[in-house]
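Summary of the model geometry
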Amino acid sequence: MPETTCFFSFTEQHEVVGPADPVLAVAGEDVILPCSIRPHISVVDMRVEWFRSDQRGSLVHLYEDHEDRNTYQIQSYRSRTKLNHQELQRGSASLKISSVRVSDEGLYKCFIQSKSWYDDTTVNVSVEAVGHLPVITVDGFDHFGGLRLQCESEGWYPEPDLEWLNSEGVRLSSETTETHRNGDRFSLKNTMTVYERDSKIHCRFKLKHHMLETMIITTSNMFNHWRTSVILISVFVVLSVIAAGILIAVFAHKNKERIQLQNERSQLQNEHSQLQNEHRQLQNEHRQIQDEKRRIQHELDQIFECLKTLIPKALMYLGKKTELSLECDHLFRVSKDTYTSLTHFRTHKVNVILDADMAYPRLIVSDDGKQVRYENTETKRVTGGKDRFDDNLGVLGKDGFSSGCFYFEVQVNGQTEWYLGLTRESVKRKGTVHLSPEDGYWTLFLKDRKYQAHDSSYYSLSLSVNPQRVGVFVDYEKGLVSFYDVGSMSHIYSYTDQSFDEKLYPFVSFGCGWNENSTPLIICDDY
């Protein structure tokens, strides 16, 4: 759902601000995420909400009505978040997170709302975990007498850089680093060969803001071990030649036994091949069973998705609030982000009254201006004024809006063809009307059982549930017109980056020419 921000005249100088650079946090330590209103004003009486903008249903901390309310807080943040209530008086809503974890890394949204204003800012948190002190071990010699050194360390995040340095700080070349990941931490191991004697060799693990290193001194005694090893190898070669002669003599006597063992081995290989064939057959049967299991699970998931839609609607139709409906409310709860946004839009509710003087002659507008229906009776046709629709079955609201944000809801339940949205004050109302932004109309409509919007071209909308009530939200300065299904609290379609330079009026219509369905369209005030 699109994010919106609306400022009013008395708060034009205030904004919610956070840090320009990412906030560095060290795993296991505490961190404070800065957030405040500039210029400073008290936020004691406001709503302060922290949530993860990179996750769904991600409430981190909520302050409302002068107290912390964390019933729907993410489990991993329980008892680890805190707002300084004394700082709220000075306009600071900074959040403290204790015992930082690697999973705390990401984007956080600080949202502050008063009765008539709200704004937010994003805080990027970067987490580093410092691992154990590196350990250097001697891993033998190469063929040229070089000393092989191995350096390793574990418990790092993110993956650190590993480098070898000599006593002058010059970086030394090494072999490919071996990296392993255990959960959210990294362990690294690297081997290099040294030919310098009596030299200090450093192994360094480095992150962006942290570094650990250890050192080893390559003494002459270490390389003397290599010469001793060469002598021992030479002696071993001589003894091996002698032993080989003895073995050849023994082999001649054991040739018959070898042939017999080969025959037994061939028999065992045949039995092993038979077992492998049986094993492959069992694997094929297992895969078939797994495929069938996945097919059944897919069908169950489809049935469950249907129940998610049908059960709440059935309960709403019966008008009952039983234990089953409470369970369904919990099971099918709309995400926190969607619920919060629709709640904010309703704070911009306006009182829409339909203007009967501008309505198509066969439209009947109620006395309170809240309902309109089509009546195909020629005798009730009235003389059209200069601003009255004479072809489109439409009607405008009496009042227009030329700044800020506003929101209204229209009940469309039972009507088989309808159009609703916004129009400019100066649009054409006589003759054929093209309901597109180019001609001054921003609408959502149902026609021929298809939901559509007309932006630069017609867009067909695939909705899982037929809307019974449609909400319309407008941000004049941002050029935004959004439509929402109020029943499922879901976004339907948005016109973005529009240019408004005159008054906008609410608009509803039953199509063009005629409409056989007499069900009214109703402007809703019951929210």
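Everything numeric here is computed off the predicted structure, so don't read it as measured data.

**Remarks on the nonpolar core**
Side chains of nonpolar character tend, in soluble globular proteins, to be buried together. Membership of the largest hydrophobic core comes to 51 residues, with the highest contact counts inside it found for Leu363, Val372, Trp418, Leu420, Leu422, Val481 and Phe483. Sequence-distant contacts of leucine 363, that is, excluding residues within four places in its chain, are made with Val372, Arg373, Tyr374, Leu393, Gly394, Val395 and Phe510.

**Quick notes on the layout of surface pockets**
The volume enclosed by the second largest pocket comes to roughly 330 Å³. Residue lining of the second largest pocket: 18 residues in total, with Tyr419, Val433, Leu435, Lys447 and Tyr458 positioned closest to the centre. Every element with two or more residues in the lining of the second largest pocket is listed here: strand S25 (441–447), strand S26 (450–454) and strand S31 (504–512). When residues in the lining of the second largest pocket are grouped by element, the largest group, three residues, is from S31. The residue inventory of the lining of the second largest pocket, partitioned by class, reads six nonpolar, eight polar and four charged.

**Side note on the pattern of salt bridges**
Taken as a whole and assessed by the stated rule, the structure comprises 20 salt bridges. Note that arginine 346 and glutamate 409 form a salt bridge whose closest N and O atoms lie 2.9 Å from each other. Here the residue arginine 346 occupies a position in helix H5 (residues 336–346), and glutamate 409 occupies one in strand S23 (residues 405–411), the gap between them amounting to 63 residues. Look at arginine 346 and you get partly exposed, because its relative accessible area is 29%. The buried category is assigned to glutamate 409, whose relative accessible area is 0%. Across the pair arginine 424 and glutamate 502 runs a salt bridge whose closest N-O atoms are separated by 3.5 Å. Taken together, the residues span a long stretch of sequence, with arginine 424 in strand S24 (residues 418–424) and glutamate 502 in the loop between strand S30 (490–495) and S31 at a distance of 78 residues. Among the ionic contacts, a cluster of salt bridges with common partners joins Glu163, Arg171, Arg204, Lys206 and Glu213.

**As for the state of the cysteines**
This structure, assessed with the given rule, holds two disulfides. Note on cysteine connectivity: cysteine 35 is disulfide-linked to cysteine 110, with sulfurs 2.0 Å apart. Judged by the sign of its S-S torsion, about -75°, the cystine formed by cysteine 35 and cysteine 110 is left-handed. Of this pair, cysteine 35 sits in the loop between strand S3 (31–33) and strand S4 (36–38) while cysteine 110 sits in strand S10 (residues 106–113); the two residues are 75 residues apart in sequence, bridging distant segments of the chain. As far as burial versus exposure is concerned, cysteine 35 and cysteine 110 are alike and both buried. Through a disulfide, cysteine 151 is tied to cysteine 203; the S-S separation comes to 1.9 Å. Here the disulfide of cysteine 151 and cysteine 203 is left-handed, its torsion about the S-S bond being about -90°. Of this pair, cysteine 151 sits in strand S13 (residues 147–156) while cysteine 203 sits in strand S18 (residues 199–206); the two residues are 52 residues apart in sequence, bridging distant segments of the chain. We classify cysteine 151 as buried; its relative accessible area is 0%. Disulfide partners in the chain, listed by the sequence order of the bonded cysteines, are 1-2, 3-4.

**Focus on the sheet that holds strand S15 (residues 171–172)**
Taking strand neighbours across the sheet as the criterion, the four strands line up as S15-S14-S18-S19 in an open arrangement whose pairing is antiparallel. Because the sheet does not close on itself, it has two edges, and the strands there are S15 and strand S19 (211–218).

**Describing the environment of asparagine 413**
Along the chain, the position of asparagine 413 falls in the loop between S23 and S24. For asparagine 413, the residues in contact, after removing those within four places along its chain, are Gln468 and Thr519.

**Side note on the sheet that holds strand S28 (residues 469–475)**
Ordered in space as S20-S21-S32-S23-S28-S29-S30, the seven strands form an open sheet in which the pairing is antiparallel. Lying at the two open borders of the sheet, with one neighbouring strand each, are strand S20 (363–365) and S30. Looking at each pair of strands side by side, their axes are set apart by 20° on average, direction ignored.

**Section: the pairing of S26**
With four of five residues buried, S26 is to be regarded as a mostly interior element. In this structure, S25 lies alongside S26, joined through four bridges in antiparallel fashion. Paired with leucine 444 across the two strands is alanine 453, which belongs to S26. Linking S25 back to S26 in an antiparallel pair, the connection comprises two residues, with aspartate 448 at a positive phi of about 55°. Looking at chain direction, S26 and strand S27 (residues 458–461) are connected through four bridges and run antiparallel. Across the sheet, the residue bridging to glutamine 452 is serine 460, located in S27. The hairpin formed by S26 and S27 contains three residues between the paired strands.

Quick notes on the rules
- Residues numbered from 1 in each chain as written.
- Predicted model: local features only at pLDDT ≥ 70, side-chain atom pairs only at ≥ 80, totals over all residues.
- Heavy atoms only, no water.
- Core = buried A, V, L, I, M, F, W, Y, C linked by side-chain atoms within 4.5 Å.
- Buried < 20%, exposed > 50% of the residue type's maximum accessible area, 1.4 Å probe, protein only.
- Contact = heavy atoms within 4.5 Å.
- 1 Å grid on protein atoms, 1.4 Å probe; cavity = no way out; pocket = protein on both sides within 12 Å on 5 of 7 lines; lining within 4 Å.
- Points joined across faces, edges and corners; volume = space filled by probe spheres on them.
- Helix = DSSP H or I, 4+ residues; strand = E, 2+ residues; numbered from the N terminus.
- Nonpolar A, V, L, I, M, F, W, Y, C, P; charged D, E, K, R; others polar.
- Salt bridge = Lys/Arg side-chain N within 4 Å of Asp/Glu carboxyl O.
- Disulfide = S-S within 2.5 Å.
- Pairing = 2+ DSSP bridges.
- Axes fitted to C-alpha atoms, helices over the stretch in contact; angles between N-to-C directions.

Function-wise, these values are silent; they only describe arrangement.
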